[in-house]
Structure formats: structure tokens, C-alpha cells
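# Tertiary structure, described
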Amino acid sequence: EVTVNYRHGLPVITLTLPTRSERCRFTVKPMMTTLGAFLRDVQREDKGIERMEVFATDGTKVSDATLMDVLLMNDFKLVINNTAYDVSPPVKDKLSSEHATEMEDIKSLVHRLFVALHLEDHQIRKERELLQKLDNLKEELLPLEQMKGRIMDSANAKTSRLLWVGLALMSTQGGALAWLTWWVYSWDIMEPVTYFITYGSAMAFYAYFVLTKQDYIYPDAKDRQFLHYFYRKSKRQHFNVERYNKLKEDLAEAEESLRRLRQPLHLRLPIQEINDKD
């Protein structure tokens, strides 16, 4: 026989241990103890228990994660090894609505007190964790930033040289056409040449659009060529662009989290505690 009684407001479950054939009493904390924890306590008391399960009155198995407070609200069946016991917990007196409201108010007050006493310490610990994370990220980013700066300087220099080379070629072409037109041939001969040069330039611009899906705009073309040089140089020097971008994102996220955390700190915590990390 398995009995359930209440002593000092706590349920006491009394059952017979199969191996020792003696009655044993288990006091549980219904709001904190789960069914699985109760079953493990019983099995620790009697090593001869190989199977121990709980079933509802309709035959469904009760989960080990169920709180004892929920289990004791209804009748259930306790199976120990091959023996089944029908358990009928006594009905607890229901709290009045005024008493229940008072209990909820007390719980809310305890929660607010806990937050008031521990929130500031939690915020300080969180801030120090974020500061440590920022230091680690900045330390890891420092060599990458230096390498990125060198690669950007090299890419900028190559892009500038390419622009100057383009200007020199266009100036040379214009001078050659002028020389051929006025000193070597006449405009009647050079006119078809300039036409085909213009048509060839239009074909080149159209080919640029087909390949890049962008209009040939000088600033955009310059940026595209810069990125081409940058990524090619990064690959040669084993600069991990994806890793660098991920670190920058983590740094920005940590700084934003620190900024949001420090807003209430500036109003509620002493400055010397905020600057302990420094």
C-alpha cells in the first residue's frame, strides 16, 4: 500500500520497499521536486528496485519531468518492479481567492526584491565580460587592420596608375588623330577612321555592361577595379576577408551591447565601479 499524507504543509509518501520489506517515508517539496527525482530517491533507498514507473488513471505514462505538485492533484498508479499500487492523494483545501491574491503579491514582491538586490551585480559582471570581449576582439583585429591598410594602399596605388595610364592613352590617341588629320592625311580620309574608333569604343562600353551588368560610370569603374586589386592582393598575402568582416561585426555588436548596458549603469551605479576594469 502507498499512502500520501500532508505534514507541515508538505506531502509525505509512505511505501513498502520490496527488497527490505519495510515501510519507508519520503517527504517531497512539490513545487521543486520532479517525479524523476522522487523515483531516483526511492531507487537509491532500495537497490533491488529495477523498474519504477507512474501511470495516470487512463493508463498513460507520466513524464519524469512532471512536478510532484501536479502529480498529487489526481489519482495515479505507481508500479514498482511487477507490483502496481493505486495511489489516491488527499484533496488539499483550496485557497480562497483573497489568500491566492495575497500569495501572488508576495511572490511578485520577492521577485522584485531579488531583481533589486542582484541586478546591479549582474550588470557589472556583464559589462566586464563585454569589455574583456572587446579587448580580445581589438587585439585580434590589430594585425588584420595593419595588413588591410597595406593592401588598400597597394590597391589604391595600382588603381591610380591605371587611371593615369588611361588618360595617357586617350591623350596619345587624340594627338595621333590630330597629327594624321592635319599633317599626314586629310579629314576625308580620317573621318571613317574616327567613326570606327568611336564605334569600337561604344562596343567596348557595351561589352563592359554585358560582363558587369553595370553602366560604365567612372567612379563605379574605379571602385570595381580597386576591389579587383584588393582581393587579388589579399589572396596573395593570405588575408582572410571573411574572418576580418566577422570580427568587425562582432566588435560592433559588442560595442552596441555595452552602450545599451551602460545607459542604466550611468544612472544607478557609482562611476568607480564602472571603471574598475580600466
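Residues numbered from 1 in each chain as written. Predicted model: local features only at pLDDT ≥ 70, side-chain atom pairs only at ≥ 80, totals over all residues. Heavy atoms only, no water.

We count it as follows: UniProt positions are given in the numbering used here, feature names are shortened, and annotations may be inferred rather than shown by experiment.
If you look the protein up in an unreviewed UniProt entry, it shows as Calcium uniporter protein from Atlantisia rogersi. UniProt annotates the protein under Sequence similarities (unreviewed entry) with the comment "Belongs to the MCU (TC 1.A.77) family." Within the UniProt record for the protein, the comment given under Function (unreviewed entry) is "Mitochondrial inner membrane calcium uniporter that mediates calcium uptake into mitochondria. Mitochondrial calcium homeostasis plays key roles in cellular physiology and regulates cell bioenergetics, cytoplasmic calcium signals and activation of cell death pathways."

## Structural notes on the sheet that holds strand β4 (residues 52-56)
The pairing of strands in a sheet happens through backbone hydrogen bonds and is either parallel or antiparallel. Threshold: For two strands to be treated as a pair, DSSP must find at least two bridges joining them. Helix and strand assignments come from DSSP, with helices taken as H or I runs of at least 4 residues and strands as E runs of at least 2, each series counted from the N terminus. Axis definition: a line fitted to C-alpha atoms, over the contacting stretch in the case of helices. Angles run 0 to 180 degrees between N-to-C directions. Contact definition: two residues touch when any of their heavy atoms are within 4.5 Å.
Strand order in the open sheet formed by three strands is β4-β5-β6, with antiparallel pairing between adjacent strands. Across the chains shown, the open sheet's two edge strands, defined by having one partner strand only, are β4 and β6 (83-87). For this sheet the average axis-to-axis angle between neighbouring strands, irrespective of direction, equals 25 degrees. Inspection of the sheet shows strand β5 (residues 76-80) paired to β6 by five bridges, in the antiparallel sense. For I80, the partnering residue across the bridge sits in β6 and is T83. Taken strand by strand, helix α1 (residues 35-45) contacts β4 and β5, and its axis lies near 140 degrees from that of β4.

## Observations concerning empty space enclosed by the protein
Where empty space is left can be seen by rolling a probe of water-molecule size over the atoms. To be explicit about the condition: Space inside and on the surface of the protein is sampled on a 1 Å grid over the protein atoms alone, with a cavity defined as a set of points where a 1.4 Å probe fits but cannot get out and a pocket as an open set with protein on both sides within 12 Å along at least 5 of 7 lines; lining residues have an atom within 4 Å of a point. Grid points are joined across faces, edges and corners, and a volume is the space filled by probe spheres set on the points.
Per the counting criterion, the structure on display carries one cavity of 30 Å³ or more. Forming the walls of the largest cavity are S154, A155, K158, Y229, R232, K233 and R236. When residues in the lining of the largest cavity are grouped by element, the largest group, four residues, is from helix α5 (residues 218-236).

## Examining the UniProt feature "transmembrane region" (unreviewed entry) in the protein
Sites flagged by UniProt as "transmembrane region" (unreviewed entry) map to residues 162-181 and 193-211. End-to-end, the C-alpha atoms of residues 162-181 are 28 Å apart, and along that stretch the chain is 100% helix and 0% strand. Between the C-alpha atoms that bound residues 193-211 the distance is 27 Å, and the span itself is 100% helix and 0% strand.

## Quick word on the sheet that holds strand β2 (residues 10-17)
Strand order across the open sheet formed by three strands is β1-β2-β3, with antiparallel pairing between neighbours. Edge positions in the open sheet fall to β1 (3-7) and β3 (22-27), since each of these has one partner strand only. For this sheet, the mean inter-axis angle between neighbouring strands, taken without regard to orientation, is 30 degrees. Of the pairings in the sheet, the one linking β2 to β3 comprises six bridges and is antiparallel in character. Bridged to L15 within β3 is C24.

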